[in-house]
Structure formats: C-alpha cells, structure tokens
Amino acid sequence: MAVDRFLGAGWAQAHGPAAADRIGKWTLDCGFRGLVAAPLPGAPAWAAVRQAAVDLPFRFGAVRVTALSGGGGPAEAGLASSEAADQAAAYAAVESAVRLAHAVGCPRVILEPGVVPQVDGAETELTSPVGMSEERAAALLARRNAGLDRALDRVCRLLHALCRTHPEIRFCLTNSRDALGIGDQDGLPALFEDLSRCGLGYWHDAVAGAARQHWLGQEPGQVLESCSKFLCGMTLGDYCEGRKDLPPGVGGVDYPLLSAYRVRSGRSFPVAVELDPGVEPGEIPRVHAFLSKFDL
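Every chain begins its residue count from 1, and numbering advances along the sequence as written. Residues qualify for local features only when their pLDDT is at least 70, as the model is predicted, and side-chain atom pairs are given and counted only at 80 or more; totals for whole chains, interfaces and linings, by contrast, use all residues. Note: side-chain values were computed over all heavy atoms of the structure, leaving out hydrogens and water.

Novice: Honestly, the overall build of the protein chain in this entry has me stumped. Any pointers?
Specialist: Starting at the N terminus, helices and strands are each numbered in turn, a helix being any DSSP run of H or I of at least four residues and a strand any DSSP run of E of at least two. Secondary structure assignment for the protein chain yields eleven helices and ten strands. The globule rule puts the C-alpha radius of gyration for 296 residues at 19 Å, and the 18 Å found for the protein chain is close to it. Principal-axis analysis of the C-alpha atoms places the extent of the protein chain at approximately 50 × 40 × 35 Å. Looking at the protein chain as a whole, 56% of its 296 residues are labelled buried. For the protein chain, contacts bridging at least 24 residues in sequence account for 80% of all contacts bridging at least 6. Of the roughly 12200 Å² of accessible surface on the protein chain, 52% is carried by carbon and sulfur atoms. Between the mean site of the 28 positive side-chain charges and the mean site of the 34 negative ones, the protein chain shows a separation of 6 Å. Using C-alpha atoms as the atom set, the radius of gyration is obtained and then compared with a globule rule of 2.2 Å times the number of residues to the power 0.38. To sort residues, take the accessible area from a 1.4 Å probe on protein chains only and compare it with the maximum for the residue type: under 20% means buried, over 50% means exposed, and anything in between is partly exposed. Any two residues whose heavy atoms approach within 4.5 Å at even a single point are treated as in contact. For accessible areas, the Shrake-Rupley method is used with a probe of radius 1.4 Å. Any residue's cover is judged against the shown protein chains and nothing else. In this tally Asp and Glu are treated as negative and Lys and Arg as positive; neither His nor the chain ends contributes. One atom stands in for each charge, and that atom is NZ of Lys, CZ of Arg, CG of Asp or CD of Glu.

Okay, here's the thing in structure tokens:
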C-alpha cells in the first residue's frame, strides 16, 4: 500500500525554478514523486515540464480543474447552476482540465461537484480568513440544503455527459471548501449512487474537511466513511483559525483519521501536498517527516 506524495502546483510555481526543463528535477529533489498540475496565471507549460522530465522518475499525479491557491470560487462551481451560461462555462473549465490531463499523461482529474447558486454574491468560502461566523455558516448551509436536490440533478446530467465523452479519464470528486458546495457527506454519496456506472472516485481535501468541521460541525469521518469505497486520493495541508493550506501538523486536521482511511483503501495511494505560497521551503523536510509518521 505505497503512498505517492505529490506537490501542489501553486507552491511549486512560487518557489521552484521558472524554467520548465528544471522543474521536474527540482520537484524530485524536494522529495516528491511529481506535481499536481492546475491552471495558474503565469504557470509553466505543463506539457513541456513533462517532456523535459521524460528520463526522470517524475510524473503528474493529477490535474485540478481549479488551483487551490488561485483565489476566488472554483471554476466548476457552475455545474450546479440553473443558468445555461454558468453551466457551459463550468463544463468548459472541466474540458480544459481534461485536455491538460492528456498533455501531461495523467488520467486523473480532480473537481468539486458544483455550488448551489446564490443571489447576493456574499462570501461563502469556509476557508476565508474574514466574513464567516458559525451563524452565517449555518444559514448558508440551510440555503444550500433547500436547493440541494435540484442542484444534484443538474450536476448528475453534466457529470454523466463528461464521463461518457471521456471514458479514459477518471473524474475524482472532492469535498467542498464552500458553504454552498454540494461536496459533503450528503451530496457526494448521492452523486456516487446516481452515477454508479461512471467510475467516479473520491478525493478527500483535508483542509475542506477541517473547515467544514469548524464552521458547520460536519465531522470529516462522516464523508470519509460514506465515500470510503470510492476513496482514491487525498489533498493534505492544515487549517487553523481561518488560515488554510498550512503545513500538515500545525492546525486542526485529524491525521490519524486520514491515515486509517488511507490504510483501508488497500491500494497504491496518491496524496497531494497543497501549501500556501507563503510557506517557506525550509518547512518541506518537516512536512515529509510528519506525513511519514502516518504513512501518508
């Protein structure tokens, strides 16, 4: 049950070499198996990175539709929208990630399964350092729940179309960092049940789990248990008092819990270390040492 540890693109772009032909070796020297690619402003040509590292034991572990360090809502949020234009834009973002997956030779695409639409445009990001409280989070979740069934119908149709069009890609649904996101212990099992023939996977986001626990009282073990048979990877970082993507071990993420579900998966397992670009390179050895204690 080997773990392949990958590095998130945002931190790599902030601290790694600018030249595409040097990124692969630098990533390996940092102790990672490879990278998780994502669309980022000014990002290197990921296909060129792959080509330059063709003779190295480097590979891409997954492609994200939305980079976690990019700010703003996920590009795929509109999958749950009732507006055709929003749905089309979200679908196009996923298609773009599929093209990137082909370019870097990785058949795995990570995406959030959409956000229940809202009308006031207010902050709904649970990992935002401002604008959230327990009362507001509870009100947003109630609003989400009221529109959940209709949103699930819309997402199911679009995900079914994506899976039918791209049978070579494994789409990995992840839990949401947004209070209105349908990626939680209620929405995700419903999607897996309705799309049981599509080969979807579950990719657990440790920071999203900790934020949902903090603001909404949703235990990470609930979504891990309900989606355990689909578990195919994890995003690792930490969360504390509105600060996200901290080095593992400095916040509230329950790493013994994650380790237990990783072991239960019984297969080779990819994990992606996603860090805020402000985390200094000197933290990387401590990140590896901490995760190794939990076989992650």
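Novice: How do you make sense of the packing of aromatic side chains when you look at a structure like this?
Specialist: We call Phe, Tyr and Trp rings a pair once their centres come within 6.5 Å, taking the six-membered ring for Trp, and we label the pair stacked below 30 degrees between planes, edge-to-face above 60, and tilted otherwise. Applying the stated criterion to the full structure yields seven aromatic pairs. With 4.2 Å between their ring centres and 10° between their planes, Phe192 and Phe230 make a pair best called stacked. Here Phe230 lies in the loop between α9 (220-226) and β7 (231-236) and Phe192 lies in helix α7 (residues 187-194), a separation of 38 residues in the sequence. Each member of the pair Phe192 and Phe230 is classed as buried. Joined through ring pairs, the aromatic side chains of Trp46, Phe58 and Phe60 make up one cluster.

Novice: Honestly, the packing of helix α5 (residues 134-146) against helix α8 (residues 206-216) in this entry has me stumped. Any pointers?
Specialist: Helix axes are fitted to C-alpha atoms over the stretch in contact, other axes to C-alpha atoms as well, and angles between N-to-C directions run from 0 to 180 degrees. Here α5 crosses α8 at 105°, and the two axes come no closer than 8 Å. Classified by the angle between their axes, α5 and α8 sit roughly perpendicular to one another. Each of Glu134, Ala137, Ala138 and Leu141 in α5 lies in contact with α8, whose residues at this interface are Arg212, His214, Trp215 and Leu216. In this classification, the charged set is Asp, Glu, Lys and Arg, the nonpolar set is Ala, Val, Leu, Ile, Met, Phe, Trp, Tyr, Cys and Pro, and all remaining amino acids, among them Gly, are polar. A class-by-class count of the residues in the contact of α5 with α8 yields five nonpolar, one polar and two charged. For this classification, under 35 degrees means roughly parallel, over 145 means roughly antiparallel, 65 to 115 means roughly perpendicular, and everything else is oblique.

Novice: Can you walk me through the side chain of Arg262 in this structure?
Specialist: In this structure, Arg262 sits in helix α10 (residues 255-265). The term salt bridge refers to a pairing of a side-chain nitrogen on Lys or Arg with a carboxyl oxygen on Asp or Glu at a separation within 4 Å. The charged side chain of Arg262 is buried without a salt bridge, its nearest counter-charge being Asp295 at 4.2 Å. Polar side-chain contacts of Arg262 include one of 3.1 Å to the backbone oxygen of Asp295. Between N or O atoms, a polar contact is any pair within 3.5 Å; within protein, one atom must be a potential hydrogen donor and the other a potential acceptor, and residues adjacent in sequence are included only when both atoms are from side chains.

Novice: Mind showing me how you'd approach the sheet that holds strand β4 (residues 108-111) here?
Specialist: In any sheet, the strands associate via hydrogen bonds between backbone groups, in a parallel or an antiparallel arrangement. Strands qualify as paired when DSSP identifies two bridges or more between them. If you walk around this closed barrel you meet the eight strands as β1-β2-β3-β4-β5-β6-β7-β10, and the pairing is parallel. Taken over all neighbouring pairs, the strand axes of this sheet differ in orientation by 30° on average, direction set aside. As judged from the three bridges shared by β7 and strand β10 (residues 269-273), these two strands associate in the parallel manner. By the bridge assignment for β10, Thr235 is matched with Ala272. Those strands touched by α7 are β5 (170-174) and β6 (201-205), and its axis lies near 155° from that of β5.

Novice: What should I look at first to understand the pairing of β5 in this one?
Specialist: In summary, the side chains of a regular strand alternate between the two faces of the sheet. The buried fraction of β5 amounts to four of the five residues, a majority that puts the element mostly inside the structure. As defined by bridge partners, β4 adjoins β5 across four bridges and the pair is classed as parallel. Residue Val109 lies in a different strand from β5, and its bridge partner there is Phe171. As paired strands, β5 and β6 are joined by three bridges and run parallel to one another. Paired with Leu173 across the strands is Tyr202, a residue of β6. Where the polypeptide runs from β5 across α7 and back to β6, its parallel neighbour, the crossover connection is right-handed. For a crossover, the right-handed case is the one in which the path from the first strand over the helix to the second runs clockwise, viewed with the strands pointing away from the viewer.

Novice: Even after reading the chapter, I still don't get the pattern of salt bridges, so can you show me in this structure?
Specialist: A side chain with one charge can pair with a side chain of the opposite charge if their charged atoms come near. Applying the stated criterion to the full structure yields nine salt bridges. A salt bridge links Asp186 to Arg144; the shortest N-O distance between them is 3.9 Å. One end of the pair, Asp186, is in the loop between β5 and α7; the other, Arg144, is in helix α5, and 42 residues separate them in sequence. A relative accessible area of 43% places Asp186 in the partly exposed class. Between Arg177 and Asp205 there is a salt bridge, and its shortest N-O distance comes to 2.7 Å. On the criterion of sequence distance, the pair formed by Arg177 in the loop between β5 and α7 and Asp205 in strand β6 is long-range, its members being 28 residues apart. You can call Arg177 buried: its relative accessible area is 4%. Several salt bridges share partner residues, and in doing so they unite Arg144, Asp184, Asp186 and Arg212 into one network.

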